[in-house]
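The lines below spell out each chain.
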Amino acid sequence: MKRRVINPWSWQDQFAFVQAHEVSGAQRVVYCAGQTSVDGEGTPIHEGDIRAQVGQAFDNLETVLAEAGLDLSHVVRVNYYTTDADALIENWDVVATR
């Protein structure tokens, strides 16, 4: 599989995302379910702590990917759903450092 990042501008770099990924030669695609801040039993954790919730959601995503023999470098798209966009943006470094 070959992946090419497409960024016609540079402003998005500060937010740790890219405008597009061109993927060619892919023979395998893995679609992951949405991940949230839950423990191994599915119990919600880190109530009221969005920073820890985002971190846990990414930890869970990494666990799913590892089971498929993949890691975050293989991810081409992530959707974020939140009830507090300002808090998510304030803690964006948790996302950007993954």
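Scroll up to find the structure this text is about.
The rules we used
- Residues numbered from 1 in each chain as written.
- Predicted model: local features only at pLDDT ≥ 70, side-chain atom pairs only at ≥ 80, totals over all residues.
- Heavy atoms only, no water.
- Helix = DSSP H or I, 4+ residues; strand = E, 2+ residues; numbered from the N terminus.
- Contact = heavy atoms within 4.5 Å.
- Areas by Shrake-Rupley, 256 points an atom, 1.4 Å probe, with all protein chains shown as cover.
- 1 Å grid on protein atoms, 1.4 Å probe; cavity = no way out; pocket = protein on both sides within 12 Å on 5 of 7 lines; lining within 4 Å.
- Points joined across faces, edges and corners; volume = space filled by probe spheres on them.

Draft legend 1. A look at the overall build of the chain. Along the chain, the regular secondary structure elements total 3 helices and 2 strands. Counted from the first residue to the last, the chain has its helices and strands arranged as β-β-α-α-α. Within the chain, contacts between residues separated by at least 24 positions form 39% of all contacts whose residues are at least 6 apart in sequence. Accessible surface computed for the chain: about 7,400 Å², of which carbon and sulfur atoms make up 51%.

Draft legend 2. Seen up close, the layout of surface pockets. The calculated volume of the largest pocket comes to roughly 1,300 Å³. If you go around the largest pocket, you meet 37 residues; those closest to its centre are A33, L61, R77, V78 and N79. Elements supplying a minimum of two residues to the lining of the largest pocket: α1 (50–67) and α2 (85–90). In this structure, the second largest pocket occupies an estimated 550 Å³ of space. What lines the second largest pocket is a set of 20 residues, and nearest its centre among them are A16, F17, V18, V78 and Y80. Among the secondary structure elements, those contributing two or more residues to the lining of the second largest pocket are β2 (20–24) and α1.

Draft legend 3. Up close: the side chain of Q56. The topology assignment puts Q56 in helix α1. The residues contacting Q56, other than those within four sequence positions of it, are T36, S37, V38, I45 and H46.

That is the geometry; function is a separate question.
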